[in-house]
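Notes for the structure review
Now for the letters of each chain:
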Amino acid sequence: MKFFIDTANLNEIAEAQALGVLDGVTTNPSLMAKEGITGAENILAHYKKICDIVEGDVSAEVIATDFEGMVREGEQLASLHPQIVVKVPLIANGIKACKYFSDKGIKTNVTLVFSPGQALLAAKAGATYVSPFLGRLDDISTDGLHLIAEIRQIYDNYGFETQILSASIRHTMHVIDCAKIGSDVMTGPLSSIMGLLKHPLTDIGLAKFLEDFKKGN
Ligand code: G3P
C-alpha cells in the first residue's frame, strides 16, 4: 500500500519523507490556499519544490473545467516535472481530459469521486489513480469505506489497472481499514501517518528495556 501525504505544507512533506515511508503527495486548490500559495506562477513553483522533496508521484490539479483548458493546464503541469500527475475532477470534461492524457502517457488522478459508477468511468478513461473521498462521505452519514470496497470489487472483476487512491482520509483507522480492503494508495494528513506509530505498550516496553539496561551498567 502506497502512502501519500495530502498537503502542500513543505515541512510536513519533508517530515513524512524523512520517516522513509512516503510514496507521494496529493494537493488540491484548497490545500494550496491554506499554505497561502496563490497565483499561477507561485503555484507552479510550489509544485517544483514539492517534487524536489519527495521521490514519488505528486498530484497537481487543473483549475479549468472546459476540455481545452484542462488539456492546456494539464500539459503545462506535466511538463514541470516527471513526477507530476495531472489531477482532474470527475466531470464529463475531466473524463475526456483523462482519456486524452492517458493516451499520451501522462499520468492522471481523477478526483472528487463519490460513487462506484464514477470510479468505473475513470478506470475506463485510463486513469492512473482514482480518488474516492471517504471522509467527506462519512461526514454526511454515508459509509465511505463501503465505497472503497465496491470500487475494489469492480476493478478486480475486470482487471482494471487504475489504482484506488483513498482520499479524504482523516485518521489512522481510515488508513488501517483501507489497507484491509486492499486500497492501492491512501492519502491523508501527516497525523494519519504518524498516528500509526503510537501504542502505549511500545512506550512502556521501551522505558523498561532502558531502565533494565541501566541497572546492569
Ligand atoms: O485528497 C482529498 C482531500 O484533500 C480532501 O480531504 O479532508 O478536505 O475531505 P478533506
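Scroll up for the structure.
Residues numbered from 1 in each chain as written. Predicted model: local features only at pLDDT ≥ 70, side-chain atom pairs only at ≥ 80, totals over all residues. Heavy atoms only, no water.

Section: the site of the ligand
- In the neighbourhood of the ligand, the contacting residues comprise Asp6, Asn28, Phe133, Arg136, Ala167, Ser168, Arg170 and Thr187.
- Arg136 is positioned such that a nitrogen or oxygen atom in its side chain is 2.7 Å from an oxygen atom of the ligand.
- Summarising the interface, the protein chains cover 82% of the accessible area of the ligand, which totals 310 Å² for the free molecule.
- In terms of residue class, the shell around the ligand is made up of two nonpolar, three polar and three charged. (Near = heavy atom within 4 Å. Polar contact = N/O pair within 3.5 Å; in protein donor to acceptor, adjacent residues only side chain to side chain. Areas by Shrake-Rupley, 256 points an atom, 1.4 Å probe, with all protein chains shown as cover. Nonpolar A, V, L, I, M, F, W, Y, C, P; charged D, E, K, R; others polar.)

Describing the pairing of strand 5 (residues 108-113)
- Burial of strand 5 is extensive: five of the six residues sit out of reach of the surface.
- Pairing analysis gives four bridges linking strand 4 (residues 84-89) to strand 5, with the strands arranged parallel. Bridge pairing in strand 5 links Val88 to Val110.
- Traced from strand 4 through helix 5 (residues 92-103) to strand 5, the parallel crossover comes out right-handed.
- Sheet analysis places strand 5 next to strand 6 (residues 129-132), joined by three bridges and oriented parallel. Bridge pairing in strand 6 places Val113 opposite Pro132. (Buried < 20%, exposed > 50% of the residue type's maximum accessible area, 1.4 Å probe, protein only. Helix = DSSP H or I, 4+ residues; strand = E, 2+ residues; numbered from the N terminus. Pairing = 2+ DSSP bridges. Right-handed = clockwise from strand over helix to strand, strands pointing away.)

Points about the packing of helix 1 (residues 10-19) against helix 3 (residues 40-53)
- The contact between helix 1 and helix 3 brings their axes to 10 Å, and the two run at 15°. Taken as axis vectors, helix 1 and helix 3 run roughly parallel relative to one another. The element helix 1 and its partner helix 3 pack so that their crossing is right-handed. Each of Leu10, Ile13, Ala14 and Gln17 in helix 1 lies in contact with helix 3, whose residues at this interface are His46, Lys49, Ile50 and Ile53.
- Of the residues contributing to the contact of helix 1 with helix 3, the split by class is five nonpolar, two polar and one charged. (Axes fitted to C-alpha atoms, helices over the stretch in contact; angles between N-to-C directions. Parallel < 35°, antiparallel > 145°, perpendicular 65-115°, else oblique. Left-handed = near helix turned anticlockwise from the far one by under 90°. Contact = heavy atoms within 4.5 Å.)

A closer look at the pattern of salt bridges
- Applying the stated criterion to the full structure yields eleven salt bridges.
- Ionic pairing is found between Asp57 and Lys107, a salt bridge with its closest N-O pair at 3.0 Å. On the criterion of sequence distance, the pair formed by Asp57 in strand 3 (residues 57-61) and Lys107 in the loop between helix 5 and strand 5 is long-range, its members being 50 residues apart.
- Accessibility expressed as a relative area gives 10% for Asp57, which makes it buried.
- Exposure remark for Lys107: the relative accessible area of 37% places this residue in the partly exposed category.
- Here Asp212 ties to Lys208 by a salt bridge, and the two come within 3.0 Å at their closest N and O atoms. Taken together, the residues Asp212 and Lys208, both in helix 11 (residues 200-215) and four residues apart, mark about one turn of the helix.
- For Lys208, a relative accessible area of 42% gives the class partly exposed.
- Within the structure, one salt-bridge network assembled from shared partners comprises Lys208, Glu211, Asp212 and Lys215. (Salt bridge = Lys/Arg side-chain N within 4 Å of Asp/Glu carboxyl O.)

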